[in-house]
Amino acid sequence: MKVATTIVRILLGALFIYASLMFFLKMAPEPETTGDFKAFNTGIVASQYILPLAKTLEFLCGVAFLSNRFVALANLVILPVAINIFMINFFMTPENLPVAVFVCVANVFLIFRYWDHYKGLFQAT
């Protein structure tokens, strides 16, 4: 199980770093959007802070996953982003759903594997 944890952690970290670098360095053209997703994406881009914030979190958590430092914290920080990735892809762009499912399942798997680090959060004081 330790090998599976390492593989999932590295794949997830690499995916987050790749996605954030593509956004910040503009290394790939923006994909053409249509329909509801186009309206949603226009609103997100117009806000000018939501997307850079999410991509910064993705980058920082990706570095944490790849370096194997603060992985438990990175799991909790990236969980809302992963859920949003899944929901957006589920409802608006189902052709990208496999990647979104991987991100969510990998995140939940890592939370399960690092569960001992979270036990203190669920204890009444």
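This text follows the structure it describes.
Residues numbered from 1 in each chain as written. Predicted model: local features only at pLDDT ≥ 70, side-chain atom pairs only at ≥ 80, totals over all residues. Heavy atoms only, no water.

### A few points about the packing of helix H3 (residues 50–67) against helix H4 (residues 71–91)
Step number 1: Axis separation between H3 and H4 bottoms out at 9 Å; the angle between their running directions is 135°. Put simply, H3 runs oblique to H4. The element H3 and its partner H4 pack so that their crossing is left-handed. Contacts from Leu57, Glu58, Cys61, Ala64 and Phe65 of H3 reach H4 at Val71, Ala74, Asn75, Val77, Ile78, Val81 and Ile85. (Axes fitted to C-alpha atoms, helices over the stretch in contact; angles between N-to-C directions. Helix = DSSP H or I, 4+ residues; strand = E, 2+ residues; numbered from the N terminus. Parallel < 35°, antiparallel > 145°, perpendicular 65-115°, else oblique. Left-handed = near helix turned anticlockwise from the far one by under 90°. Contact = heavy atoms within 4.5 Å.)

### A word on a nonpolar patch on the surface
Step number 1: Judged by side-chain polarity, Leu21, Phe24, Leu25, Met27, Phe59, Leu60 and Val63 come together as a nonpolar surface patch covering roughly 630 Å² of accessible area.
Step number 2: Secondary-structure elements contributing two or more residues to the nonpolar patch are helix H1 (2–25) and H3.
Step number 3: Note on placement: phenylalanine 24 falls in helix H1.
Step number 4: Take phenylalanine 24: its relative accessible area is 39%, and that puts it in the partly exposed class. (Patch = residues over 30% accessible without salt bridge, like charges linked within 9 Å, V, L, I, M, F, W, Y side chains within 5 Å. Areas by Shrake-Rupley, 256 points an atom, 1.4 Å probe, with all protein chains shown as cover. Salt bridge = Lys/Arg side-chain N within 4 Å of Asp/Glu carboxyl O. Buried < 20%, exposed > 50% of the residue type's maximum accessible area, 1.4 Å probe, protein only.)

### Structural notes on the pattern of salt bridges
Step number 1: Evaluation of the coordinates by the stated rule reveals two salt bridges.
Step number 2: Residue glutamate 58 is joined to lysine 55 by a salt bridge in which the shortest nitrogen-to-oxygen separation is 3.4 Å. Linking glutamate 58 with lysine 55, this pair stays in helix H3, spanning three residues, or about one helical turn.
Step number 3: Note on lysine 55: relative accessible area 16%, which makes it buried.

### Observations concerning the packing of aromatic side chains
Step number 1: Summed over all chains, the structure comprises seven aromatic pairs.
Step number 2: Between phenylalanine 16 and phenylalanine 65, the ring centres sit 6.4 Å apart and the planes meet at 25°, which makes this aromatic pair stacked. Separated by 49 residues along the polypeptide, phenylalanine 16 in helix H1 and phenylalanine 65 in helix H3 bring together distant segments of the chain. There is no split in this pair, since phenylalanine 16 and phenylalanine 65 are both buried.
Step number 3: Taken together, the ring pairs in this structure connect Phe86, Phe90 and Phe91 into an aromatic cluster.
Step number 4: Looking at lysine 26, its charged tip hangs above the ring of phenylalanine 23, at a distance of 4.9 Å from the centre. (Phe/Tyr/Trp six-rings, centres within 6.5 Å; stacked < 30°, edge-to-face > 60°. Lys NZ or Arg CZ within 6 Å of the ring centre and 35° of its normal.)

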